[in-house]
Amino acid sequence: MTGIIFAVLAAMGFASQAIFVRLGLQQMRATTSTLTTMIIGAAVMLLVAAIIHPNELSAITGGAILWLIAFAFLNFPVGRLLNYTGVRMVGPSRASTVIATSPLFTMIVAIAFTNETVNTPIVIGTIAIMVGGGMIVSQR
Amino acid sequence: MKLRISTIHNNRTLVVGYIVSLLSAAGYGTGTVIGKFIIENHTSPLITTAYGLLIGTMFVAIAAVPHARRDIATTTRREWLIAILAGLSGVWGILFYLFALDLAPAVIVSPVASIFPLFVIVLSYLFLKHLERITWQLIAGALLVVGGVAAIAIGSLG
């Protein structure tokens with residue numbers, strides 16, 4: 001249950017970021033505002049990590065770096081920049097509705113490549129969130 | 001003839017836009033599973049967030065740098081403050097996302113974190129004074145999202 005609470009807190013963070021970007025960074029290009037917010041985020045996190053886990057920060061292995069590159073590549077240039085490109089090409093409502101299907105990809109990849117399993121309530125809940133999220137963004 | 005060319009161009013833009021959006025969803029979805037793999041096998045959520053943001057910044061810089069100098073030169077002090085707050089909110093989101101992945105399966109964390117459009121509506125209503133129009137679609141969407149989270153919570157207990 002703590003994992004679900006943390007996921008809700010994550011959603012609040014993503015929503016706050018969207019609000020701040022909408023509030024004051026409309027004059028910037030999407031790529032510039034993404035870069036600016038990421039530089040700030042990276043600087044803060046590296047500082048915090050250096051204070052709390054200095055040994056872990058420097059002891060990162062080559063193998064871990066390769067996975068981190070894959071993680072960063074999929075989330076930022078692929079996930080975020082293609083998100084902005086999609087919004088520019090088909091509009092925010094259509095793009096957001098398609099992008100809301102990302103949990104489905106998580107489900108497919110997690111079941112195919114890891115030991116994760118799903119049950120009926122999880123499948124129904126995932127579909128309900130995807131459809132509900134799509135309805136919320138498409139009416140705005 | 002002009003109209004036909006324009007229609008073909010618009011249709012092509014629409015198709016490419018949908019494909020690009022689908023690739024974005026695939027990127028986010030697959031990235032979640034890789035994030036969980038890193039946390040389980042290599043390092044903590046905190047270090048994953050720090051390195052993930054650092055490497056991600058380098059990737060985004062490649063696309064952003066050609067225009068960034070001009071944009072940044074015209075950025076006001078208020079916009080810088082908002083950029084800092086947006087950056088910190090992003091850190092909050094990614095950090096808790098990875099903490100959640102540390103504790104729960106990706107098939108549970110990914111859909112639950114997808115409820116953020118609901119929070120955007122609530123925060124817009126509270127702070128932006130951009131009163132969202134309350135439509136049946138918004139109410140039905142919100143009920144589906146809340147019901148979905150409840151279903152996943154029940155499913156995670158089994």
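The rules behind each value
Residues numbered from 1 in each chain as written. Chains lettered and ligands numbered in written order. Predicted model: local features only at pLDDT ≥ 70, side-chain atom pairs only at ≥ 80, totals over all residues. Heavy atoms only, no water. Helix = DSSP H or I, 4+ residues; strand = E, 2+ residues; numbered from the N terminus. Buried < 20%, exposed > 50% of the residue type's maximum accessible area, 1.4 Å probe, protein only. Contact = heavy atoms within 4.5 Å. Areas by Shrake-Rupley, 256 points an atom, 1.4 Å probe, with all protein chains shown as cover. Expected span 1.5 Å × (residues − 1). Phe/Tyr/Trp six-rings, centres within 6.5 Å; stacked < 30°, edge-to-face > 60°. Salt bridge = Lys/Arg side-chain N within 4 Å of Asp/Glu carboxyl O. Polar contact = N/O pair within 3.5 Å; in protein donor to acceptor, adjacent residues only side chain to side chain. Nonpolar A, V, L, I, M, F, W, Y, C, P; charged D, E, K, R; others polar. Bend = angle between axes of the 7 residues up to and from the residue. Core = buried A, V, L, I, M, F, W, Y, C linked by side-chain atoms within 4.5 Å. pLDDT = per-residue confidence, 0-100.

1. Things to note about the overall build of chain A
Part 1: For chain A, the count of helices and strands is seven helices and zero strands.
Part 2: Secondary structure elements in chain A, listed N-terminal to C-terminal, are α-α-α-α-α-α-α.
Part 3: Its C-alpha atoms give chain A principal-axis dimensions of roughly 45 × 45 × 25 Å.
Part 4: Per-residue burial over chain A gives 49% buried out of 140 residues.

2. Overview of the overall build of chain B
Part 1: Per the secondary structure count, chain B includes six helices and zero strands.
Part 2: Counting helices and strands in the order they occur from the N terminus, chain B gives α-α-α-α-α-α.
Part 3: Counting the 158 residues in chain B, one finds 51% classified as buried.
Part 4: Considering only contacts within chain B whose residues lie at least 6 apart along the sequence, 71% involve residues at least 24 apart.
Part 5: Accessible area for chain B stands at about 8,200 Å²; split by element, carbon and sulfur atoms hold 71% of it.

3. Considerations on helix 7 (residues 120-138) of chain A
Part 1: The first and last C-alpha atoms of helix 7 of chain A sit 27 Å apart over 19 residues, in line with the 27 Å expected at 1.5 Å per residue.
Part 2: Those residues of helix 7 of chain A that fall on the buried side of the exposure criterion are Ile122(A), Gly125(A), Thr126(A), Ala128(A), Ile129(A), Met130(A), Gly132(A), Gly133(A), Gly134(A), Met135(A), Ile136(A) and Val137(A).

4. Here's the deal with the packing of aromatic side chains
By convention here, two paired aromatic rings are described through the distance between centres and the angle between planes.
Part 1: Considering all chains together, one arrives at eight aromatic pairs over all chains under this definition.
Part 2: Between Trp67(A) and Phe37(B), the aromatic rings sit 4.5 Å apart at their centres with planes inclined by 55°, giving tilted as the arrangement. Here Trp67(A) is found in helix 4 (residues 62-90), whereas its partner Phe37(B) is found in helix 1 (residues 2-41) on a different chain.
Part 3: Relative accessible area serves as the criterion here: at 35%, Trp67(A) is assigned to the partly exposed category.
Part 4: Through a chain of ring-to-ring contacts, three or more aromatic side chains come together here, namely Phe6(A), Trp92(B), Phe96(B) and Phe99(B).

5. Looking at the interface of chain A and chain B
Part 1: Between chain A and chain B, the residue contacts involve 105 residues of the former and 113 residues of the latter.
Part 2: Scanning the region where chain A abuts chain B turns up zero salt bridges.
Part 3: The interface formed by chain A and chain B includes 13 residue pairs in polar contact (both at pLDDT 80 or more).
Part 4: Those elements that provide at least two residues to the side of chain A that touches chain B are helix 1 (2-24), helix 2 (30-52), helix 3 (54-58), helix 4, helix 5 (92-99), helix 6 (102-113) and helix 7 of chain A.
Part 5: The element contributing the most residues to the side of chain A that touches chain B is helix 4 of chain A, with 24 residues.
Part 6: Looking at side-chain class alone, the side of chain A that touches chain B contains 65 nonpolar, 33 polar and seven charged residues.

6. A closer look at the pattern of salt bridges
Side chains that differ in charge, positive against negative, can pair when their charged atoms come close.
Residues and elements named next belong to chain B.
Part 1: Applying the stated criterion across every chain yields a total of one salt bridge over all chains.
Part 2: A salt bridge links Glu-40 to Lys-36; the shortest N-O distance between them is 3.2 Å. With a gap of four residues between them, Glu-40 and Lys-36 both fall in helix 1, about one helical turn apart.

7. Notes on helix 2 (residues 45-73) of chain B
Part 1: For helix 2 of chain B, spanning 29 residues, the distance from its first C-alpha to its last is only 35 Å, which falls clearly below the expected 42 Å at 1.5 Å a residue.
Part 2: The largest bend along helix 2 of chain B reaches roughly 70° and is located at Ala64(B), with the proline Pro66(B) sitting one to four residues downstream.

8. Quick word on the nonpolar core
Part 1: Within the largest apolar cluster, 59 residues are counted, with the highest numbers of intra-cluster contacts made by Met45(A), Phe76(A), Leu53(B), Leu101(B), Ile108(B), Val109(B) and Val112(B).
Part 2: The element contributing the most residues to this core is helix 2 of chain B, with nine residues.
Part 3: Discounting residues that sit within four places of it in the chain, Ile108(B) has contacts with Ile4(A), Ile122(A), Ile152(B) and Ser156(B).

9. Topic: the environment of Arg88(A)
Residues and elements named next belong to chain A.
Part 1: With respect to the secondary-structure elements, Arg-88 resides in helix 4.
Part 2: Given the relative accessible area of 68%, Arg-88 is considered exposed.
Part 3: Between the C-alpha atom of Arg-88 and that of Ile-52, which follows or precedes it by 36 residues, the distance is 40 Å.

10. As for the confidence of the model for chain B
If pLDDT is low for a region, its predicted coordinates should not be looked at in detail.
All names here are of chain B.
Part 1: Per-residue confidence for chain B gives a mean pLDDT of 82, with 89% of residues at or over 70.
Part 2: Averaged over each element, pLDDT in chain B is lowest for helix 5 (residues 116-128) (77) and highest for helix 3 (residues 77-103) (86).
Part 3: Among the prediction metrics, the complex's ipTM stands at 0.84, with pTM recorded as 0.80.

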